[in-house]
Amino acid sequence: PLHFLVSMIFAPMFIWTERQFKAAWSTIGFRAFLNFTMLQAWFPKEAEIWNQPTWFLSALTFANLTMPTAVLPGVASMSRKGVEKLFAGLTAISLLQKVSYSETARFHSNSLDQPKMHPLLWNLTRFHPFWALIEMVMGIAACREVMLDTPEDRSRPHVNPMVYFAAAYSSLLLRLTRFDFNDAIIRGVLFVPLWTKFLTSIHRDCLAANPRPITKFFGGKTMSSLGSLAFPMFILHGPIGQVFYKKVIARKLWGKAMPNSFFPIYLAICLLASHFTNEYFVKNKKVAQMSGKVAAFLGSITQGMLKDTSA
């Protein structure tokens, strides 16, 4: 519902921008259709139309469609060793895809002087629903691994979550070394697995008698409140950013795009807008009831789509 609301509010701005670049009305109509139906991730050239970050909602919609009948039952039936092998196998497939992209597009960390190529291959790498599904299943496998912990597992001492937290972010520093690693490879083979280990370790630490400081920090009231703003901010920061930073719009409104010094103000505006959106729309009971009815309808018409569950 929030994506639909924000798309409706900012649609005049999106359409006006398209027209400034001489886009045909048929093209604008097609992009509007993709945006409102959340199909843009399937079209590499259109992946970042209108509200650019919402390509992930498009990929997420497809992934959620596969969950009830194709993914969750299979993962739920696996043993602990099984989910560990699944996670390792999906990590290897993700790495293979990133290496394939890197070789094809000549996108390497030490080749910055290479001619820039069309971003279609990169869009297929980071936007495509199938690759997003693989990373989501990795997360589900990690959740299942934690669920399979025995009482003996829970009572044993675990690695401090801070270790994995520091290791995940330290992996990004490989971009500064002489090794030929780009962002896609580092993210796929190092950051995502290490961040997943951080999440599972912090979950286990939550159950400990005396959780580590980092667990208490992320579980505190302030971080929980900020966490509730994450999704509204994800939806809102794109259109708000266009108002201040997209040249064709900012020049019309302010005479120029905002300087870097304006960024703290932009961030504050996003936080404030996200707070009010969360309080008065996301938490609204009528919105929740409407969303529930739509979800129930979609569930009824897609039941058995990927696996026949009828008698």
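My aim in this report is to walk through the structure given alongside it, one point at a time.

Cut-offs and rules
- Residues numbered from 1 in each chain as written.
- Predicted model: local features only at pLDDT ≥ 70, side-chain atom pairs only at ≥ 80, totals over all residues.
- Heavy atoms only, no water.
- Helix = DSSP H or I, 4+ residues; strand = E, 2+ residues; numbered from the N terminus.
- Buried < 20%, exposed > 50% of the residue type's maximum accessible area, 1.4 Å probe, protein only.
- Contact = heavy atoms within 4.5 Å.
- Areas by Shrake-Rupley, 256 points an atom, 1.4 Å probe, with all protein chains shown as cover.
- Lys, Arg positive; Asp, Glu negative; His and termini not counted.
- Charge placed at Lys NZ, Arg CZ, Asp CG, Glu CD.
- Polar contact = N/O pair within 3.5 Å; in protein donor to acceptor, adjacent residues only side chain to side chain.
- Axes fitted to C-alpha atoms, helices over the stretch in contact; angles between N-to-C directions.
- Parallel < 35°, antiparallel > 145°, perpendicular 65-115°, else oblique.
- Left-handed = near helix turned anticlockwise from the far one by under 90°.
- Nonpolar A, V, L, I, M, F, W, Y, C, P; charged D, E, K, R; others polar.
- Salt bridge = Lys/Arg side-chain N within 4 Å of Asp/Glu carboxyl O.
- Core = buried A, V, L, I, M, F, W, Y, C linked by side-chain atoms within 4.5 Å.
- Phe/Tyr/Trp six-rings, centres within 6.5 Å; stacked < 30°, edge-to-face > 60°.

### Digging into the overall build of the chain
Link 1 in the chain: When its secondary structure is counted, the chain shows 15 helices and 0 strands.
Link 2 in the chain: Taken over the C-alpha atoms alone, the chain extends approximately 65 × 55 × 40 Å along its principal axes.
Link 3 in the chain: Counting the 311 residues in the chain, one finds 37% classified as buried.
Link 4 in the chain: For the chain, long-range pairs separated by at least 24 residues make up 67% of all intrachain contacts whose partners lie at least 6 apart in sequence.
Link 5 in the chain: Surface summary for the chain: the accessible area is close to 18600 Å², and the carbon and sulfur share equals 67%.
Link 6 in the chain: Of the side-chain charges in the chain, 32 are positive and 16 negative, and the distance between the mean point of each set is 8 Å.

### Some remarks on the side chain of N278
Link 1 in the chain: On the secondary structure map, N278 appears in helix α14 (residues 263-282).
Link 2 in the chain: Under the relative-accessibility criterion, N278 is labelled buried at 5%.
Link 3 in the chain: Apart from residues lying up to four places away in sequence, N278 is in contact with S228, L229, P232 and K283.

### With respect to the side chain of Q242
Link 1 in the chain: Mapped onto the fold, Q242 is located in helix α12 (residues 230-245).
Link 2 in the chain: Of note is the side chain of Q242, whose polar atom sits 2.9 Å from the backbone oxygen of W50.
Link 3 in the chain: The contacts of Q242, once residues within four sequence positions are left out, are M13, F14, W50, N51, Q52, I249 and A250.

### Regarding the packing of helix α6 (residues 129-147) against helix α9 (residues 183-206)
Link 1 in the chain: Their axes nearest at 10 Å, the elements α6 and α9 cross at an angle of 30 degrees. By the criterion of interaxial angle, the relationship of α6 to α9 is roughly parallel. Relative to α9, the crossing made by α6 is right-handed. Where α6 approaches α9, its residues E135, M138, A142, E145 and V146 are matched on the opposing element by R187, V192, T196, T200, H203 and R204.
Link 2 in the chain: Within the contact of α6 with α9, the residues separate by chemical class into 4 nonpolar, 3 polar and 4 charged.

### Some details on the pattern of salt bridges
Link 1 in the chain: Here the structure, examined in full by the defined rule, presents 9 salt bridges.
Link 2 in the chain: Between R31 and E18 there is a salt bridge; the shortest N-O distance is 2.6 Å. Separated by 13 residues along the polypeptide, R31 in helix α2 (residues 25-37) and E18 in helix α1 (residues 2-20) bring together distant segments of the chain.
Link 3 in the chain: Of the residues examined, E18 reaches a relative accessible area of 9% and is grouped as buried.
Link 4 in the chain: Residue D149 is joined to R204 by a salt bridge in which the shortest nitrogen-to-oxygen separation is 2.7 Å. Of this pair, D149 sits in the loop between α6 and α7 (151-155) while R204 sits in helix α9; the two residues are 55 residues apart in sequence, bridging distant segments of the chain.
Link 5 in the chain: Its relative accessible area of 7% is what places D149 among the buried residues.
Link 6 in the chain: Connected through shared salt-bridge partners, R80, E84, E145, D149 and R204 make up one network.

### Topic: the packing of α1 against α12
Link 1 in the chain: Remark: α1 packs on α12, axes separated minimally by 11 Å, with the N-to-C direction vectors making an angle of 5 degrees. Relative to α12, the element α1 lies roughly parallel. Along its contact with α1, which presents L2, H3, V6, F10, M13 and F14, the element α12 presents F231, P232, I235, L236, P239, Q242 and V243.
Link 2 in the chain: Broken down by class, the residue content of the contact of α1 with α12 amounts to 11 nonpolar, 2 polar and no charged.

### Quick notes on unusual backbone geometry
Link 1 in the chain: Phi at K22 takes a positive value of approximately 65 degrees, unusual for a residue other than glycine.
Link 2 in the chain: The topology assignment puts K22 in the loop between α1 and α2.
Link 3 in the chain: You can call K22 exposed: its relative accessible area is 73%.

### Remarks on the nonpolar core
Link 1 in the chain: Membership of the largest hydrophobic core comes to 26 residues, with the highest contact counts inside it found for V6, F10, M13, W50, I240, F244 and Y266.
Link 2 in the chain: For this core, the secondary-structure elements that each account for two or more residues are α1, α2, α12 and α14.
Link 3 in the chain: Not counting the four nearest positions on each side in its chain, W50 is found in contact with A11, F14, I15, E18, I28, R31, A32, N35, F36 and Q242.
Link 4 in the chain: Residues F62, V71, I134 and I140 belong to the second largest nonpolar core, which totals 15 residues.

### As for the packing of aromatic side chains
Link 1 in the chain: As enumerated under the stated definition, the model contains 26 aromatic pairs in all.
Link 2 in the chain: An aromatic cluster of at least three residues, connected via ring pairs, comprises F165, Y169, F191, W195, F198, F217 and F218.

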